[in-house]
Amino acid sequence: MTRALVLNGPNLGRLGSREPEVYGSASHADLVSAVEAWADELGVEAEVRQTDDESELVGWLHEAVDSRVDVVLNPAAFTHYSYALRDAAAQVTKSGLRLVEVHITNPYARESFRHLSVIGPVATGTIAGFGLDSYRLALASLTHKS
């Protein structure tokens, strides 16, 4: 069975109350429930985590490498500037694991500072702009052999 850590960065714990006109009305709890249901349907063992702390997110990526677990990562604001997170994400993919970068919105349809991802170049792939379905698509991608 495919295993995955589904990691969420800053402010994603505020889903449903933070800019619902941008991110939708689903809460973080709704996201967790949806990911668990999709993972079950796809035969993926998924654990969902969220933090606003960059160092904790880096530590979780190290944990993924050490425990040989694929990653679905929504780096949120860290997408655009966290080289520490980028280096940890690179360790995931360079170790032969898959890391799928996800975004609820399409960063290219938003403010220009969101157009740069320091994570994308080291990720296996990026899925963005499909709302919470971005996570479903990312989990589905992990069920396919590279």
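Keep in mind that what you see is a predicted model, and the values were worked out from it rather than measured.

J.: Honestly, the overall build of the protein chain in this entry has me stumped. Any pointers?
T.: From N to C terminus, the protein chain includes five helices and five strands. Walking the protein chain from its N terminus toward its C terminus, one meets helices and strands in the order β-α-α-β-α-β-α-β-β-α. By the burial criterion, 48% of the 146 residues in the protein chain qualify as buried. If you take every contact in the protein chain between residues at least 6 apart in sequence, the share linking residues at least 24 apart comes to 79%. Of the roughly 6900 Å² of accessible surface on the protein chain, a fraction of 49% belongs to carbon and sulfur atoms.

J.: What exactly am I supposed to notice about the packing of helix H3 (residues 54-67) against helix H4 (residues 83-94) here?
T.: Between two packed helices, the angle of one axis relative to the other and the distance separating the axes together describe the packing. Running from N to C, H3 and H4 cross one another at 10°; their axes reach a closest spacing of 9 Å. Taken together, H3 and H4 sit at an angle that is classed as roughly parallel. Here Glu54, Leu57, Val58, Leu61, His62 and Val65 of H3 come into contact with H4, specifically with Ala84, Leu85, Ala88, Ala89, Gln91 and Val92. Taken together, the residues of the contact of H3 with H4 break down into nine nonpolar, two polar and one charged.

J.: Looking at this structure, I do not really get the side chain of Thr2. What am I missing?
T.: Among the structural elements, Thr2 can be located in strand S1 (residues 2-8). Take Thr2: its relative accessible area is 16%, and that puts it in the buried class. Beyond its immediate chain neighbours, meaning those up to four positions away, Thr2 contacts Gly43, Val44, Glu45, Asp70, Arg98 and Leu142.

J.: Explain the pairing of strand S4 (residues 99-103) to me, please; I cannot follow it from the model alone.
T.: Side-chain direction in a regular strand flips from residue to residue, so the side chains alternate between the two faces of the sheet. By the criterion of burial, S4 is predominantly enclosed, with five of the five residues buried. Where burial is concerned, the two faces of S4 agree: the one with Leu99, Glu101 and His103 and the one with Val100 and Val102 are both buried. Looking at chain direction, strand S3 (residues 70-74) and S4 are connected through three bridges and run parallel. The partner of Val71 across the bridge, within S4, is Leu99. Once you follow S3 into H4 and on to S4, the crossover reads as right-handed. Pairing of S4 with strand S5 (residues 125-128) involves four bridges; the strand directions are parallel. Bridging from a neighbouring strand, Val100 pairs with Gly125 of S5.

J.: Just checking my understanding: could you explain the environment of Ala90 for this structure?
T.: Relative to the helices and strands, Ala90 resides in helix H4. Distance from Ala90 to Val122, taken between C-alpha atoms, is 5.3 Å for residues 32 residues apart in sequence.

J.: Is there a simple way to explain the packing of aromatic side chains in this structure?
T.: The geometry of two aromatic rings is summed up by the distance between their centres and the angle between their planes. One pass over the full model with this rule turns up one aromatic pair. A ring pair is formed by Phe78 and Tyr81, whose centres lie 6.0 Å apart and whose planes are at 75°; its orientation type is edge-to-face.

J.: I would appreciate a short explanation of unusual backbone geometry in the present structure.
T.: Trans peptide bonds make up most of the peptide bonds, and negative phi angles are found at most residues other than glycine. Even without being a glycine, Asn11 presents a positive backbone phi close to 75°. Along the chain, Asn11 turns up in the loop between S1 and helix H1 (20-23). For Asn11, a relative accessible area of 33% corresponds to the partly exposed category. With a phi close to 55°, Ala76 is a non-glycine residue in the positive phi region.

Reading the values: the criteria
Residues numbered from 1 in each chain as written. Predicted model: local features only at pLDDT ≥ 70, side-chain atom pairs only at ≥ 80, totals over all residues. Heavy atoms only, no water. Helix = DSSP H or I, 4+ residues; strand = E, 2+ residues; numbered from the N terminus. Buried < 20%, exposed > 50% of the residue type's maximum accessible area, 1.4 Å probe, protein only. Contact = heavy atoms within 4.5 Å. Areas by Shrake-Rupley, 256 points an atom, 1.4 Å probe, with all protein chains shown as cover. Axes fitted to C-alpha atoms, helices over the stretch in contact; angles between N-to-C directions. Parallel < 35°, antiparallel > 145°, perpendicular 65-115°, else oblique. Nonpolar A, V, L, I, M, F, W, Y, C, P; charged D, E, K, R; others polar. Pairing = 2+ DSSP bridges. Right-handed = clockwise from strand over helix to strand, strands pointing away. Phe/Tyr/Trp six-rings, centres within 6.5 Å; stacked < 30°, edge-to-face > 60°.

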